[in-house]
Amino acid sequence: MTPDAIDRAMPTLITSAAEQIDRLSLEEPVMMEKVATAFTLDVAWRQILGLDLREDKVETFDRKTYDWIGGIINPLRAFYPARLSKHTKSHKALAYLVTKIDRKIESLERNGPDGSTMSGMLFAKDEEDPSKSLSRDEIVSNTLLLILAGSETAASTLTVATLALGLHKDVFRKLKEEQQAKIEKHGEGMTRGALEDCTYLDAVIKETMRIKPLASTGAMRDPRRGGRQIPKGYGIAFNPTITHALDPAVEEEDGSHMDVVRGFKPE
């Protein structure tokens, strides 16, 4: 996402975050994973798709997205017969999402750009060859990828970050002090400049992702590693957890540097 796109998305992100914060109650326990997931799904339909959903439709969108992602990460999915896979909840949920995306594309083609991420993809032009643009299938695929990457992984990171802040009161206090200082400096309005000035917040997020990273990829062509060729189509699983665990800059013999209780040190 470009800096200008972040600026345009900021009001939507603030609205989504504020609504989820309002759901929190100091008088009774809450499941932060649900709150974080609700926030990321809210961003998905508001900013990525640019939809304007009623409350009852939001529940449907969240449920369908959850069903679709659940099917993707289900290890048994690979064993489903092709003729039966289209009858699964995940497949039906995917059809729902694709329909939403197709209808939004049609709306954008009729009415023009609206500031959503998908709008940016639809009207984007190649700088070297303005005649080139993303195909409809590419827009659908990229949008689904953004929903997947921006909801499941972001929700997990937010959940772990909340746990870490709850376990480390000193870190939480320092983070609050930084936020208060930035409000005095930049005002209450959230801007990209204010975010870039939040250095301790950045450190907290990076430390969260160091201890509980999320990443994977696959082989799209025939790469060569260590003199051996990995055939096209074969999956490649990077394990950033092992990479971080073996990092000599932070490694401890007892493994405490990878423990959210003993090893969480944003400084």
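K.L.:
Would you explain the nonpolar core in this entry?
P.N.:
Nonpolar side chains in soluble globular proteins tend to end up buried together. The biggest cluster of nonpolar side chains holds 23 residues, and the ones touching the most others in it are Leu49, Phe61, Trp68, Ile101, Ile105 and Met118. Secondary structure elements with two or more residues in this core: α2 (32-48), α3 (55-73), α5 (89-111), α6 (117-123) and α7 (136-167). The biggest single contributor to this core is α5, with six residues. If you look at the next biggest cluster of nonpolar residues, it comprises nine residues, including Ala164, Leu165, Val204 and Ile211.

K.L.:
Just checking my understanding: could you explain the packing of α3 against α7 for this structure?
P.N.:
Two measures define how a pair of helices packs: the angle their axes make with one another and the distance between the axes. Two elements in contact, α3 and α7, have axes separated by 11 Å at closest approach and are oriented at 90 degrees. Relative to α7, α3 is oriented roughly perpendicular. Two secondary-structure elements touch here, α3 through Thr65, Trp68, Ile69, Ile72 and Ile73 and α7 through Leu144, Ile147, Leu148, Ser151 and Glu152. Its residues assigned to classes, the contact of α3 with α7 comprises seven nonpolar, two polar and one charged.

K.L.:
Quick question: what am I supposed to make of the side chain of glutamine 47 here?
P.N.:
Inspection of the secondary structure puts glutamine 47 in helix α2. By relative accessible area, which is 6% here, glutamine 47 ends up buried. A distance of 3.3 Å separates a polar side-chain atom of glutamine 47 from the backbone oxygen of glycine 115. If we skip the residues at most four places from it in the chain, glutamine 47 touches Ala9, Thr12, Asp42, Gly115, Ser116 and Thr117.

K.L.:
Hey, could you run me through α2 in this one?
P.N.:
Every α-helical turn comprises 3.6 residues, leaving residues that sit three or four positions apart pointing alike. Counted at 1.5 Å a residue, the expected span for α2 with its 17 residues is 24 Å, and the 23 Å between its end C-alpha atoms agrees. Within the sequence span of α2, burial applies to Val35, Ala36, Ala38, Thr40, Leu41, Asp42, Val43, Ala44, Trp45, Arg46, Gln47 and Ile48. Count one or two residues on from α2 and you reach glycine 50, which has phi positive near 70 degrees.

K.L.:
Would you take a moment to explain a negative patch on the surface for this structure?
P.N.:
Side chains of Asp247, Glu251, Glu252 and Glu253 sit close together on the surface and give a patch of like negative charge. Inspection of the secondary structure assignment puts glutamate 252 in the segment after α11 (240-245). Glutamate 252 gets classed as partly exposed once you look at its relative accessible area, which sits at 40%.

K.L.:
Would you take a moment to explain the packing of α7 against helix α8 (residues 169-186) for this structure?
P.N.:
Running from amino to carboxyl end, α7 crosses α8 at an angle of 105 degrees, the nearest separation of the two axes being 5 Å. Classified by the angle between their axes, α7 and α8 sit roughly perpendicular to one another. Along its contact with α7, which presents Leu165, Gly166 and Leu167, the element α8 presents Lys169, Val171, Phe172 and Leu175. Across the contact of α7 with α8, the residue classes break down as five nonpolar, one polar and one charged.

Thresholds, definitions, all that
- Every chain's residues receive numbers from 1 upward, in the order its sequence appears when written.
- Since the coordinates come from a predicted model, pLDDT governs what is reported: local features require at least 70, and pairs of side-chain atoms require 80 or more to be given and counted, while whole-chain, interface and lining totals use all residues.
- Each side-chain value is worked out from all heavy atoms of the structure, with water and hydrogens disregarded.
- By convention a nonpolar core is built from buried Ala, Val, Leu, Ile, Met, Phe, Trp, Tyr and Cys residues, the set being connected through side-chain atoms within 4.5 Å.
- A simple rule labels every residue: compare its accessible area, found with a 1.4 Å probe on the protein chains alone, to the largest value its type can have, and call it buried under 20%, exposed over 50%, or partly exposed in between.
- Each helix is a run of DSSP H or I of at least 4 residues and each strand a run of E of at least 2, with the numbering of both proceeding from the N terminus.
- With axes taken as lines fitted to C-alpha atoms, and helix axes fitted only over the stretch in contact, angles between N-to-C directions fall between 0 and 180 degrees.
- Small angles under 35 degrees read as roughly parallel and large ones over 145 as roughly antiparallel, with 65 to 115 read as roughly perpendicular and the rest as oblique.
- Working rule for contacts: check all heavy atoms of both residues, and any pair within 4.5 Å makes them a contact.
- Note on residue categories: nonpolar means Ala, Val, Leu, Ile, Met, Phe, Trp, Tyr, Cys or Pro, charged means Asp, Glu, Lys or Arg, and polar means any other residue, Gly included.
- Here a polar contact means two N or O atoms within 3.5 Å. Within protein one must be a hydrogen donor candidate and the other an acceptor candidate, and residues neighboring in sequence count only if both atoms are side-chain atoms.
- Here a helix's expected span is defined as the number of its residues, less one, multiplied by 1.5 Å.
- Note on patches: the residues involved have over 30% relative accessible area and no salt bridge, like charges join within 9 Å, and the nonpolar side chains Val, Leu, Ile, Met, Phe, Trp and Tyr join within 5 Å.
- The Shrake-Rupley method, run with a 1.4 Å probe, gives the accessible areas here. Residue values count only the displayed protein chains as cover.
- Note on definitions: salt bridges are taken to be side-chain nitrogens of Lys or Arg within 4 Å of carboxyl oxygens of Asp or Glu.
- Here Asp and Glu are counted as negative and Lys and Arg as positive; His is not counted, and neither are the chain ends.
- All charge positions are set by atom: Lys at NZ, Arg at CZ, Asp at CG, Glu at CD.

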